[in-house]
Amino acid sequence: MAMPIILTAYCALIVAVSLLGGLAPLALVLTHTRLQTYLSFSAGTMLGAAFFHMLPESVEMGGPGTVRWAAVGLLALFLLERFFSYHQHESAEVDGHDHSHHDHDEVVGQTLSWGTATFGLAVHSLVGGVALASAVVADYKEQGRVGGMAWGVFLATVLHKPADAMTVVALMIRAGVPVRLAHLVNLGFALMIPLGAGLFFVGVDRLAPSNAEALTAIALAFSAGTFLCISLSDLLPELQFHSHDRLKLSAALLSGFLLMAGTSTLEML
């Protein structure tokens, strides 16, 4: 199947999942522990996608020096989070544990502006679109088809996107924004993925083959850095608050990580 068709199908599925994630604050009641279990699994897939797929491929395509772009990607997302504080996922319902932690989350949720959060998430999603497109392009360059890397980056993105959409809609509803407008904003946020993918695909298609390969390697390394930043920002703040759930959350993290290890075997077929 042609590369643009595959990329379009991936983007359409991610947009659909993002829109469904936006319905979660209205349709579901997620406890803090359940949300953290889901985020641990999602973070595991992003860590695995970075280590098993994106970083090795970027080095193979562009050489060891390409890894420096992973540091750039990590720092770029870190600074975006520092100034826009967008990457905060919390359920409205608490489960009776770690009250001091939940009190802190409540304060954060009250001070976090849905406008700045949406802007930060939109930039993060634009970069996610670049990550997806660069993975698909790299697979076709190496194998002439969709391989394990494209599948891995797609799965990591589609598993993480509902939590971001839930954040956007929940913050808007909490701020008193009409539900219809909240879902329209969520639609615009969801479309950042295909926009980022389209910009990368059109840009790399206009370059000479050697330059296109170098740009793809840089994009993969940069995207790997952003995936590492996103996953660690979900995992690290919870370490000291979930001693009673350490086995459950660790199992969820390892499950996501091992899922990416499994998809990496597809690259050998």
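Residues numbered from 1 in each chain as written. Predicted model: local features only at pLDDT ≥ 70, side-chain atom pairs only at ≥ 80, totals over all residues. Heavy atoms only, no water.

With an unreviewed UniProt entry as reference, the chain is termed ZIP family metal transporter, source organism Paludisphaera mucosa. Heading Subcellular location (unreviewed entry) of the UniProt record for the chain holds this comment: "Membrane". (UniProt positions renumbered as here; feature names shortened; annotations may be inferred.)

J.: Can you walk me through a nonpolar patch on the surface in this structure?
T.: Taken together, Leu19, Leu181, Leu184, Leu187 and Leu191 make up a surface patch of nonpolar side chains, about 390 Å² in accessible area. No other element matches helix α7 (residues 179-190), which puts three residues into the nonpolar patch. One can find Leu184 in helix α7. Residue classification places Leu184 among the exposed positions, given a relative accessible area of 52%. (Patch = residues over 30% accessible without salt bridge, like charges linked within 9 Å, V, L, I, M, F, W, Y side chains within 5 Å. Areas by Shrake-Rupley, 256 points an atom, 1.4 Å probe, with all protein chains shown as cover. Salt bridge = Lys/Arg side-chain N within 4 Å of Asp/Glu carboxyl O. Helix = DSSP H or I, 4+ residues; strand = E, 2+ residues; numbered from the N terminus. Buried < 20%, exposed > 50% of the residue type's maximum accessible area, 1.4 Å probe, protein only.)

J.: Hey, could you run me through the UniProt feature "transmembrane region" (unreviewed entry) in the chain in this one?
T.: Those places that UniProt annotates as "transmembrane region" (unreviewed entry) correspond, in this numbering, to residues 6-30, 37-55, 181-202, 214-235 and 247-266. For residues 214-235, helix accounts for 100% and strand for 0%, while the C-alpha atoms at its two ends are 32 Å apart. The span residues 247-266 is 90% helix and 0% strand, and its two end C-alpha atoms sit 29 Å from each other.

J.: Could you clarify how one ought to interpret helix α3 (residues 68-84) in this entry?
T.: Side chains three or four residues apart in an α-helix point the same way, a direct result of the helix having 3.6 residues per turn. With 17 residues, α3 should cover 24 Å at 1.5 Å per step; its first-to-last C-alpha distance of 25 Å lies within 8% of that length. Among the residues of α3, those classed as buried are Ala70, Gly73, Leu77 and Leu80. Along the axis of α3, the buried positions cluster into a sector of 95 degrees, meaning they face one direction only. The exposed residues of α3 that point more than 90 degrees off its buried face are Arg68, Leu75, Arg82 and Phe83. The inward-facing, buried residues of α3 contact α2 (32-62), α5 (114-143) and α9 (209-235). (Expected span 1.5 Å × (residues − 1). Arc of directions from axis to C-beta. Contact = heavy atoms within 4.5 Å.)

J.: Looking at this structure, I do not really get the packing of aromatic side chains. What am I missing?
T.: Within a pair of aromatic rings, the relevant descriptors are the distance that separates the centres and the angle that separates the planes. On inspection of all chains with the given rule, the structure shows four aromatic pairs. Note on Tyr10 and Trp151: the rings are 5.9 Å apart at their centroids and 65 degrees apart in plane angle, and the pair reads as edge-to-face. In this pair, Tyr10 is assigned in helix α1 (residues 3-27) and Trp151 in helix α6 (residues 148-174), connecting sequence segments 141 residues apart. Residue classification places Tyr10 among the buried positions, given a relative accessible area of 6%. An angle of 55 degrees between the planes, with centres 5.0 Å apart, marks the rings of Phe52 and Phe257 as tilted. In this pair, Phe52 is assigned in helix α2 and Phe257 in helix α10 (residues 246-264), connecting sequence segments 205 residues apart. Aromatic rings pair up to connect Tyr10, Trp151 and Phe154 into one cluster. (Phe/Tyr/Trp six-rings, centres within 6.5 Å; stacked < 30°, edge-to-face > 60°.)

J.: Hey, could you run me through the pattern of salt bridges in this one?
T.: When the charged atoms of two side chains with opposite charge come close together, those side chains can pair. Taken as a whole and assessed by the stated rule, the structure comprises two salt bridges. Note that Lys161 is salt-bridged to Asp164, the shortest N-O span being 3.7 Å. Taken together, the residues span about one helical turn, with Lys161 and Asp164 both in helix α6 at a distance of three residues. Assessed through its relative accessible area of 3%, Lys161 is described here as buried.

J.: I would appreciate a short explanation of the packing of α6 against α9 in the present structure.
T.: Pairs of packed helices are described in terms of their axes, by the angle between the two and the distance that separates them. Put simply, α6 and α9 touch, their axes get as near as 13 Å, and they point 35 degrees apart. In this structure, the crossing between α6 and α9 has a hand that is left-handed. Of the residues in α9, those touching α6 at Met149, Val153, Ala156, Thr157 and His160 are Leu220, Phe227, Ile230 and Asp234. Partitioning the contact of α6 with α9 into residue classes produces six nonpolar, two polar and one charged. (Axes fitted to C-alpha atoms, helices over the stretch in contact; angles between N-to-C directions. Left-handed = near helix turned anticlockwise from the far one by under 90°. Nonpolar A, V, L, I, M, F, W, Y, C, P; charged D, E, K, R; others polar.)

J.: What exactly am I supposed to notice about the nonpolar core here?
T.: Most often, soluble globular proteins have nonpolar side chains that are buried together. In this structure, Leu7, Tyr10, Met54, Leu132, Val153, Leu220 and Phe227 are the most contacted members of the largest nonpolar core, which totals 47 residues. Contributing elements (two or more residues each) for this core: α1, α2, α3, α5, α6, α8 (192-205) and α9. Here this core takes 10 residues from α9, the largest share from any one element. The contacts of Tyr10, once residues within four sequence positions are left out, are Leu132, Val136, Val146, Ala150, Trp151 and Phe154. The next biggest cluster of nonpolar side chains, apart from the first, holds eight residues, and it includes Leu121, Met172, Val177 and Phe189. (Core = buried A, V, L, I, M, F, W, Y, C linked by side-chain atoms within 4.5 Å.)

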